[in-house]
Amino acid sequence: MNTGQTLLTIIAIVLLGSNVVSINRTFSQHGVILQQTEIGIFGVSLGMSILEEAQGKAFDENTLDSLAQSTSELSSSLGKNSGETSRDTFDDFDDYNAWSDTVKIEGVDSFIRWANVAYVDSTNLDGTASGRTWHKRMTVYVHAANAQDTLQVPYIFSYWSFR
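Since the structure is predicted, the reported quantities are computational estimates derived from the model, not experimental observations.

A few words on the overall build of the protein chain. A tally of helices and strands in the protein chain yields 1 helix and 4 strands. Since a compact globule built from 163 residues should have a radius of gyration of about 15 Å, the 27 Å found for the protein chain marks it as more spread out than a globular shape. Judged by the C-alpha coordinates and their principal axes, the protein chain covers about 100 × 35 × 25 Å. Buried positions account for 31% of the 163 residues belonging to the protein chain. Expressed as a percentage of contacts within the protein chain between residues at least 6 apart in sequence, the contacts between residues at least 24 apart total 53%. Surface exposure of the protein chain reaches about 10300 Å², of which carbon and sulfur atoms provide 55%. For the protein chain, the separation between the mean place of its 10 positive charges and that of its 19 negative charges on side chains is 4 Å.

So this is what it looks like as structure tokens:
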């Protein structure tokens with residue numbers, strides 16, 4: 001093998017090596033993107049499951065067995081009532097206020113979920129009302145240990161009835 005062939009062989013090996021490194025970097029980036037996507041999908045599912053569960057509850061503790069005719073009949077404080085120690089015992093929407101838990105999904109990540117509930121005015125659904133209204137907003141937050149962001153899932157629950 002002469003000097004020209006040796007030089008071409010060395011150049012070919014360097015090009016091959018740089019391509020292998022580039023491909024390896026690309027596969028690593030795709031792995032991270034796939035992991036973040038999987039974490040995001042599980043986060044949305046965990047947040048939505050809490051919202052769907054809460055939607056099946058009564059609007060307010062005072063509307064479990066009777067209809068409210070004015071907002072003064074609604075609870076002035078939001079959150080768990082006496083005897084409500086877990087989600088299984090929650091009976092109305094605002095029991096989820098200040099609630100939190102941790103869910104570990106094997107092979108994916110560990111997720112922290114928490115919720116806040118507030119009365120909102122129909123003219124400003126992003127804000128918080130100063131008093132009781134016919135509308136409550138729940139925001140469920142989900143954060144994964146390996147995620148960069150915290151997922152926020154808001155929902156407005158309004159009180160109404162047919163006569």
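Having seen the model, we can carry on.
All right, on to the sheet that holds strand 4 (residues 150-158) then. Spatially, 4 strands are ordered 1-2-3-4 in an open sheet, and the strand pairing comes out antiparallel. The open sheet is flanked by strand 1 (100-105) and strand 4, the only strands paired with a single partner. Taking each pair of neighbouring strands and ignoring which way they run, the sheet shows an average axis angle of 20°. Here strand 3 (residues 135-144) runs beside strand 4; their pairing, made up of 9 bridges, is antiparallel. By the bridge assignment, Val140 is partnered in strand 4 with Val153.

A few words now on the packing of aromatic side chains. The full count for this structure, using the stated rule, is 9 aromatic pairs. Ring geometry for Phe93 against Tyr155: centres 6.4 Å apart, planes inclined by 55°, an arrangement best described as tilted. Of this pair, Phe93 sits in the loop between helix 1 (3-55) and strand 1 while Tyr155 sits in strand 4, placing them 62 residues apart in sequence. Exposure remark for Phe93: the relative accessible area of 0% places this residue in the buried category. Residue Tyr155 is classed as partly exposed on the basis of its relative accessible area, which comes to 27%. Judged by centre distance (5.3 Å) and plane angle (15°), the ring pair of Trp114 and Tyr141 falls under stacked. Taken as a pair, Trp114 in strand 2 (residues 109-119) and Tyr141 in strand 3 lie far apart in primary sequence, 27 residues in all. Residue placement shows Lys136 over the ring face of Phe59; its charged tip is 4.5 Å from the ring centre.

Moving on, we get to the nonpolar core. Grouped together as the largest cluster of nonpolar side chains are 28 residues, with contacts concentrated most on Tyr96, Phe111, Met138 and Val140. Counting only elements with at least two residues in this core, the list comes to helix 1, strand 1, strand 2, strand 3 and strand 4. Here this core takes 5 residues from helix 1, the largest share from any one element. Among residues more than four places away in sequence, those in contact with Val140 are Gly47, Ile50, Leu51, Trp114, Ala115, Leu151, Gln152 and Val153.

On the secondary structure map, Ser66 appears in the loop between helix 1 and strand 1. Through-space distance from the C-alpha of Ser66 to that of Ile13 is 81 Å; in sequence the pair is 53 residues apart.

Here the largest pocket defines a volume of roughly 180 Å³. Ile39, Gly40, Ala147, Asp149 and Leu151 are the residues nearest the centre of the largest pocket, which is lined by 14 residues in total. Residue assignment for the lining of the largest pocket shows that the elements contributing at least two residues are helix 1, strand 3 and strand 4. Ranked by the residues each element gives to the lining of the largest pocket, the list is headed by helix 1, at 5 residues. Within the lining of the largest pocket, the residues separate by chemical class into 7 nonpolar, 6 polar and 1 charged.

Rules and cut-offs
Residues numbered from 1 in each chain as written. Predicted model: local features only at pLDDT ≥ 70, side-chain atom pairs only at ≥ 80, totals over all residues. Heavy atoms only, no water. Helix = DSSP H or I, 4+ residues; strand = E, 2+ residues; numbered from the N terminus. Rg over C-alpha atoms; globule rule 2.2 N^0.38 Å. Buried < 20%, exposed > 50% of the residue type's maximum accessible area, 1.4 Å probe, protein only. Contact = heavy atoms within 4.5 Å. Areas by Shrake-Rupley, 256 points an atom, 1.4 Å probe, with all protein chains shown as cover. Lys, Arg positive; Asp, Glu negative; His and termini not counted. Charge placed at Lys NZ, Arg CZ, Asp CG, Glu CD. Pairing = 2+ DSSP bridges. Axes fitted to C-alpha atoms, helices over the stretch in contact; angles between N-to-C directions. Phe/Tyr/Trp six-rings, centres within 6.5 Å; stacked < 30°, edge-to-face > 60°. Lys NZ or Arg CZ within 6 Å of the ring centre and 35° of its normal. Core = buried A, V, L, I, M, F, W, Y, C linked by side-chain atoms within 4.5 Å. 1 Å grid on protein atoms, 1.4 Å probe; cavity = no way out; pocket = protein on both sides within 12 Å on 5 of 7 lines; lining within 4 Å. Points joined across faces, edges and corners; volume = space filled by probe spheres on them. Nonpolar A, V, L, I, M, F, W, Y, C, P; charged D, E, K, R; others polar.

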